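The residues making up each chain are set out below.
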Amino acid sequence: MATLLRKIGLIRLHDRDTEDPKHHQGSFKGSKSNQKNNTKHCNTSSDNNILNPPDTKTKKFEQSNKDKPPGKEKQTSKDIKEKQQVAASKAPATPLQPLVPHRPHCSQVRTRRLMKELQEIKRLADNFITVELADDNLFEWNVKLHQVDRDSALWQDMKDTNTEYILLNISFPDNFPFSPPFMRVLTPRLENGYVLDGGAICMELLTPRGWSSAYTVEAVMRQFSASLVKGQGRICRKTGKSKKSFSRKDAEATFKSLVKTHEKYGWVSPPVSDG
């Protein structure tokens, strides 16, 4: 019995030693494949993890930045500045606006000029004109024209109607003497003589185009006196019409209209040099 057991044990040992090694390799490979599958499954789960995103894009971005030549961004900004400078040089130059005197300065110039002219008019020996301030306003005058050509029909009308003077109103703008005053006839009501509706006066030197800061009130009034005679001005004696007074509103509207007309067709009479 002991001998039989020994033989059986020897046979088992012999079978174990003579067993096919491929069987063990297959089983070993199987275990390896199982391990590999388990490992791959873990990597996939980690790839899908939102909190731990893959750094593949970051590496590519860093690599692309490394491939860029240094100083390219600075060069781009420099090119932009150069293009802007070239565009600015090609753009048409903005015309310089004329210098406009400051209003307080203009007011001081106007005041000094009018005070000086008032003194000079008072010293006139021929009593050609006299001046009264309208409502004590230095910038608005009522001027009395006492004399016209004594050989004219207008002078005869003044004698016949006992008209001692022709009364005019003159208002001086803020930028006088650099801009002309506005002048209109008040009384008597005149016809012709370049006196229009509302008492507006048609003279080129009273327009911005014909005005000069060198003109004085006395010179303007002498020019007006001459134009009255040249234009055959007369005192209106028609019933009803002669009693209707001139208005400032009508005078301003008429003056604006005549200036537009003369700017379109030119000034033919009276010339500035007359008088």
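**Details of the overall build of the protein**
Helix and strand counts for the protein come out as eight helices and six strands. Ordering the α and β elements of the protein from the N terminus gives α-α-α-α-α-β-β-α-β-β-β-α-β-α. Burial statistics for the protein: of 275 residues in total, 29% are counted as buried. A sequence separation of at least 24 residues applies to 65% of the contacts in the protein between residues at least 6 apart.

**Re the nonpolar core**
Generally speaking, soluble globular proteins have nonpolar side chains that are buried together. With 43 residues, the main nonpolar core has Leu145, Met183, Met221 and Phe224 as its most contacted residues. Secondary-structure elements contributing two or more residues to this core are α5 (103–122), β2 (137–145), α6 (153–160), β3 (166–171), β4 (182–187), α7 (217–230) and α8 (248–265). Residues contacting Met183, with those up to four places away along its chain left out, are Leu168, Asn169, Ile170, Ile201, Met203, Leu206, Val220, Met221 and Phe224.

**Focus on the environment of Glu132**
Along the polypeptide, Glu132 turns up in strand β1 (residues 129–134). Sequence-wise, Glu132 and Lys144 are 12 residues apart; in three dimensions their C-alpha atoms are separated by 8.4 Å. When neighbours within four sequence positions are excluded, Glu132 is seen to be in contact with Glu140, Trp141, Asn142 and Lys144.

**What to know about the sheet that holds β4**
With antiparallel pairing, the four strands of this open sheet are ordered in space as β1-β2-β3-β4. Where the open sheet ends on each side, the last strands, each with one partner, are β1 and β4. Averaged over all adjacent pairs, the angle separating strand axes in this sheet is 30°, with direction ignored. Across the face of the sheet, α8 comes into contact with β3 and β4 while running at roughly 135° to β4.

**A word on the side chain of Arg184**
Residue position: Arg184 is located in strand β4. Buried charge without a partner: Arg184 forms no salt bridge, and the closest opposite charge is Glu140, 5.7 Å away. Those residues within four positions of Arg184 in sequence are excluded, and the remaining contacts are Leu168, Asn169, Gly199, Ile201, Phe246, Ser247, Arg248 and Ala251.

**So, the pairing of β3**
In terms of burial, β3 is largely enclosed, as six of its six residues are buried. Taking every second residue as pointing to the same face, both faces of β3 are buried, with Ile166, Leu168 and Ile170 on one and Leu167, Asn169 and Ser171 on the other. By the bridge criterion, six bridges tie β2 to β3 in an arrangement that is antiparallel. Of the residues in β3, the one forming a bridge with Val143 is Leu168. Note: β3 against β4, five bridges, orientation antiparallel. Within β4, the position partnered with Ile170 by the bridge is Met183.

**What about α7?**
Its 14 residues give α7 an end-to-end C-alpha distance of 20 Å, which sits within 8% of 20 Å, the value for a rise of 1.5 Å per residue. Considered for burial, the residues of α7 that qualify are Val217, Val220, Met221, Gln223, Phe224, Ser225, Ser227 and Leu228. In the stretch just after α7, Gln232 is the one whose phi turns positive, near 55°.

**Remarks on the environment of Leu190**
Note that Leu190 resides in strand β5 (residues 190–191). Distance from Leu190 to Arg234, taken between C-alpha atoms, is 5.7 Å for residues 44 residues apart in sequence. For Leu190, the residues in contact, after removing those within four places along its chain, are Leu154, Ile166, Val185, Val195, Leu228, Arg234, Ile235, Cys236 and Phe246.

**Considerations on the packing of aromatic side chains**
The final tally for this structure, using the stated rule, is five aromatic pairs. Note on Phe182 and Phe255: the rings are 5.8 Å apart at their centroids and 75° apart in plane angle, and the pair reads as edge-to-face. Of this pair, Phe182 sits in strand β4 while Phe255 sits in helix α8, and the two are 73 residues apart along the sequence. On the accessibility criterion, Phe255 (14% relative accessible area) is buried. Between Trp211 and Tyr215 the ring centres are 5.5 Å apart and the planes differ by 80°, which places this aromatic pair in the edge-to-face class. The ring of Phe139 has Arg110 lying over it, and the distance from NZ or CZ to the ring centre is 3.4 Å. One Lys or Arg, Arg222, reaches over the ring of Phe128 and ends 4.1 Å from the middle of that ring.

**So, unusual backbone geometry**
The residue after Phe176, namely Pro177, is reached through a cis peptide bond having omega 10°. If you trace the backbone, Pro177 turns up in the loop between β3 and β4. Cis peptide bonds are those with omega within 30 degrees of zero, and the linkage from Thr187 to Pro188 qualifies with -15°. Topologically, Pro188 is positioned in the loop between β4 and β5. A positive phi angle is found at Gln232, which is not glycine, with a value near 55°. Positionally, Gln232 belongs in the loop between α7 and β6 (234–235). When its relative accessible area of 61% is taken as the criterion, Gln232 is described as exposed.

Rules behind the numbers
Every residue gets a number counted from 1 within its own chain, in the order that chain's sequence is written. A pLDDT threshold of at least 70 governs which residues receive local features in this predicted model, and a stricter bar of 80 or more applies before side-chain atom pairs are shown or counted, although totals over entire chains, interfaces and linings include all residues. Where side-chain values are given, they derive from all heavy atoms of the structure, hydrogens and water being excluded. Here a strand is any run of E in DSSP of at least two residues, a helix any run of H or I of at least four, and the numbering for each starts at the N terminus. Burial classification: accessible surface area is computed with a 1.4 Å probe over protein chains only, and a residue below 20% of its type maximum counts as buried, one above 50% as exposed, and the rest as partly exposed. Any pair of residues with heavy atoms lying within 4.5 Å of one another is described as a contacting pair. Nonpolar cores are built from buried Ala, Val, Leu, Ile, Met, Phe, Trp, Tyr and Cys residues. Side-chain atoms within 4.5 Å join them into one set. Pairing between strands is defined by DSSP: at least two bridges between the two strands are required. Between N-to-C directions, angles span 0 to 180 degrees; the directions come from axes that are lines fitted to C-alpha atoms, helices contributing only their stretch in contact. The charged-residue count follows a simple rule in which Lys and Arg add positive charge and Asp and Glu add negative charge, with His and chain termini not counted at all. In what follows, salt bridge is the name for a side-chain nitrogen of Lys or Arg lying within 4 Å of a carboxyl oxygen of Asp or Glu. In this analysis, the expected span of each helix is defined as 1.5 Å times one less than the number of residues it contains. Aromatic rings from Phe, Tyr and Trp, with only the six-membered ring used for Trp, were paired whenever their centres fell within 6.5 Å, and each pair was classed as stacked if the ring planes differed by under 30 degrees, edge-to-face if by over 60, and tilted otherwise. Here, a charge over a ring means that NZ of Lys or CZ of Arg falls within 6 Å of the ring centre while also lying within 35 degrees of the ring normal.

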